[in-house]
Amino acid sequence: MAVVLYIGGSKDGDKGVVPYGFSKTRADTEQGPEFYVERMMEVQGRGRVRVMVLESLRDEIAFQALNRHLG
């Protein structure tokens, strides 16, 4: 198990637990299903971070959100 930060969608900013072997998760919302995929993202001064990102979110927006959450 690993603790990951969710970026995008209804789970934005939430921390959750994901089994090591899983690379995709689903959240059911009132607007329909949201799919999150695992990404390893480089954070200046912190190295590589494992995050679950809304599948349809562009990389540059995901980086902005990650930096905002890690402040």
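Residues numbered from 1 in each chain as written. Predicted model: local features only at pLDDT ≥ 70, side-chain atom pairs only at ≥ 80, totals over all residues. Heavy atoms only, no water.

Caption draft 1: Summary view of the environment of Phe63. As for its placement among the helices and strands, Phe63 is situated in helix α1 (residues 59-70). For Phe63, a relative accessible area of 34% corresponds to the partly exposed category. In this structure the C-alpha to C-alpha distance between Phe63 and Met1, which are 62 residues apart in sequence, comes to 24 Å. Residues contacting Phe63, with those up to four places away along its chain left out, are Met41 and Glu42. (Helix = DSSP H or I, 4+ residues; strand = E, 2+ residues; numbered from the N terminus. Buried < 20%, exposed > 50% of the residue type's maximum accessible area, 1.4 Å probe, protein only. Contact = heavy atoms within 4.5 Å.)

Caption draft 2: Seen up close, the nonpolar core. Residues Ile7, Val51, Val53 and Leu66 are the most contacted members of the largest nonpolar core, which totals 17 residues. Elements that contribute at least two residues to this core include exactly β1 (2-7), β4 (32-43), β5 (47-54) and α1. If we skip the residues at most four places from it in the chain, Leu66 touches Leu5, Ile7, Met41, Val43 and Val51. (Core = buried A, V, L, I, M, F, W, Y, C linked by side-chain atoms within 4.5 Å.)

Caption draft 3: Structural context of the sheet that holds strand β3 (residues 24-29). The sheet built from five strands is open, its strands ordered β2-β1-β5-β4-β3 with mixed pairing. Single-partner strands in this sheet number two, and they are β2 (15-18) and β3. When strand polarity is set aside, the average angle formed by the axes of neighbouring strands in this sheet is 40 degrees. Of the pairings in the sheet, the one linking β4 to β5 comprises eight bridges and is antiparallel in character. Its bridge partner being in β5, Val43 is matched across the sheet by Gly47. Contacts from α1 reach β1, β4 and β5 within the one sheet, and its direction differs from that of β4 by about 75 degrees. (Pairing = 2+ DSSP bridges. Axes fitted to C-alpha atoms, helices over the stretch in contact; angles between N-to-C directions.)

Caption draft 4: Just the pattern of salt bridges, in detail. Applying the stated criterion across every chain yields a total of six salt bridges. Here Asp28 makes a salt bridge to Arg26, at a shortest N to O gap of 2.8 Å. Neither residue differs from the other here; Asp28 and Arg26 are each classed as exposed. (Salt bridge = Lys/Arg side-chain N within 4 Å of Asp/Glu carboxyl O.)

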